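For reference, the chains in residue letters:
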Amino acid sequence: MWSGTPLFPENASTMASRVDHLYFFLVALTAFFSILIAGLIVFYAIKYRRRHPESVGGRIHGGLILEITWSVIPLIITMGIFVWGASVFFAMSRPPDETLNIYVVGKQWMWKFQHLDGQREINELHVPVGRPVKLIMTSEDVIHDVYIPAFRTKADVIPGRYSQIWFEPTRPGSYHLFCAEYCGTQHSGMIGQVVVMEQDDYQTWLSGGAQEGSLASAGQKLFADLACNTCHRPDAQGRGPVLENLFGKTVTLQPGGTVVVDEAYIRESIVNPAAKIAAGFQPIMPAFQGLVSEEDLLELIEYVKSLRTETPIGQTARPTAAGPAAGENTPANRPGARN
Ligand code: CUA
């Protein structure tokens, strides 16, 4: 109802209405109590005004029922807000099982988007309508923040970490993308467009992109160029851990403890391998900090994710290097999958 209002963003994702309803409820609630309290102050100020210069008000010694009432009613209201807000928050922070994954790298002062099929974009992101999209985001330098008002979604983009947001666009169009964290001189210019396309148009757009091959295949090449494959071999004869079927597994560490192999752990194991050594291996891997860019890291991560030889239930085995269909986040390889 408000989408035509200037200053109010369009409603273009499945989450937008849920956020708006909560927002309008909070505004209405705040307005109601503000008007009620201000009105009562004025009303009682007039009603109990001093009529004679020597009149004095009677003493009040509290009222149990009154105090319970004004404690319980706000408690119920605030708990309602909490439960409602938490349910929206959980929905926003838990991506569905099947998402279209896109990597995002922020840097002063641009957004770089990397599709799993290999397409790269700067300050422009093409996505299909009606499909959940997950952005896996990191920064090359300082903290940035992805903000897409029409989708009511926003999250910090932090160097050395992967943060995630997801959204499902509901209507084709072009929507603003902002950096919402002050990040230097050109912060205000760190803007872009999210272009939501019909499924067919999106497929056309995908196939019209640069045919550089998938992100995983670029990672495979880099893996060989950096000679990672001399130690990480599929036959368990290498000096480093076997990477096949590793993603999503829980690994035991040298000093004890475990870690789940997700994007963050792979990234750390490349830039600073000594941080968490898998049990049974020597800390001999050189650190690649400064030698590989954030985009190289994403390629390597995608490659490791694609190394799957086992057959998930109900699916046929796929060749390893190609991995699951690029761009797909199947239940078997989604980051949350735990074996
Ligand atoms: Cu990037 Cu502000």
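Thresholds, definitions, all that
Residues numbered from 1 in each chain as written. Predicted model: local features only at pLDDT ≥ 70, side-chain atom pairs only at ≥ 80, totals over all residues. Heavy atoms only, no water. Pairing = 2+ DSSP bridges. Helix = DSSP H or I, 4+ residues; strand = E, 2+ residues; numbered from the N terminus. Axes fitted to C-alpha atoms, helices over the stretch in contact; angles between N-to-C directions. Phe/Tyr/Trp six-rings, centres within 6.5 Å; stacked < 30°, edge-to-face > 60°. Buried < 20%, exposed > 50% of the residue type's maximum accessible area, 1.4 Å probe, protein only. Expected span 1.5 Å × (residues − 1). Contact = heavy atoms within 4.5 Å. pLDDT = per-residue confidence, 0-100. Salt bridge = Lys/Arg side-chain N within 4 Å of Asp/Glu carboxyl O. Core = buried A, V, L, I, M, F, W, Y, C linked by side-chain atoms within 4.5 Å.

1. Side note on the sheet that holds strand β2 (residues 110–115)
With mixed pairing, five strands are arranged side by side in an open sheet as β3-β2-β1-β5-β8. Two strands in the sheet have a free side with no partner beyond their single neighbour: β3 (120–122) and β8 (163–167). Between one strand axis and the next, the sheet turns by 25° as a mean value, whatever way the strands run.

2. Observations regarding the packing of aromatic side chains
For the structure shown, the criterion picks out 13 aromatic pairs. Considering the side-chain rings of F8 and F24, the 5.4 Å spacing of their centres and the 20° angle between planes classify their relative orientation as stacked. With F8 in the segment before α1 (16–47) and F24 in helix α1, this residue pair connects regions lying 16 residues apart in the sequence. Centre to centre, the rings of Y202 and W205 are 6.0 Å apart; their planes meet at 20°, and the pair counts as stacked. With a gap of three residues between them, Y202 and W205 both fall in helix α3 (residues 199–208), about one helical turn apart. Its relative accessible area of 2% is what places Y202 among the buried residues. A residue is classified by how much of its surface remains accessible, and W205, at 21% relative accessible area, is partly exposed. What links up through ring pairs into an aromatic cluster is the set F8, Y23 and F24.

3. Focus on helix α2 (residues 64–93)
Counted at 1.5 Å a residue, the expected span for α2 with its 30 residues is 44 Å, and the 42 Å between its end C-alpha atoms agrees. Within α2 the residues assigned to the buried category are A86, V88 and A91. Looking at the buried residues of α2, the elements they touch are α1 and β8.

4. Some words on the confidence of the model for the protein
When pLDDT is averaged across the protein, the result is 83; 88% of the residues are at 70 or more. For the stretch residues 312–339, pLDDT sits under 50, and the model shows 60 contacts to residues farther than four places along the chain or on other chains.

5. Structural notes on the pattern of salt bridges
Working definition: two side chains of opposite charge can pair if their charged atoms are close together. Scanning all chains against the criterion turns up eleven salt bridges. We note a salt bridge from E299 to R120, for which the minimum N-O separation is 2.8 Å. Of the two residues, E299 is situated in helix α6 (residues 294–306) and R120 in strand β3; the sequence distance between them amounts to 179 residues. For E294, the salt bridge is made with R267, and the minimal N-O distance between the two is 2.5 Å. Highlighted residues: E294 in helix α6 and R267 in helix α5 (residues 263–271), separated in sequence by 27 residues. With relative accessibility at 9%, the residue R267 sits in the buried group. What emerges from the salt-bridge pattern is a single network uniting K112, R120, E140, E295 and E299.

6. So, the nonpolar core
By size, the foremost hydrophobic cluster in this structure holds 31 residues, and its most contacted members are W111, L135, V146 and F151. If one sorts the elements of this core by residue count, strand β10 (residues 191–197) sits on top with four residues. Y162, L215, F223 and V259 belong to the second-largest nonpolar core, a separate cluster that totals 30 residues.

7. Side note on the side chain of E299
Using a relative accessible area of 8% as the deciding quantity, one classes E299 as buried. With residues up to four places along the chain from it excluded, the contact list for E299 reads R120, L215, A218, G219 and L222.

8. Considerations on the pairing of β8
With four of five residues buried, β8 lies mostly within the body of the structure. Pairing between strand β5 (residues 133–139) and β8: five bridges, direction antiparallel. Bridge assignment links I136 to a residue of β8, and that residue is Q164.

9. Describing unusual backbone geometry
Q108 connects to W109 through a cis peptide bond whose omega is -5°. One non-glycine residue with positive phi stands out, namely R152, at about 55°. Relative to the assigned elements, R152 resides in the loop between β6 (144–148) and β7 (153–157). Phi angles above zero are rare outside glycine, and N245 is one such case at about 60°. Relative to the assigned elements, N245 resides in the loop between α4 (215–225) and β11 (250–252).

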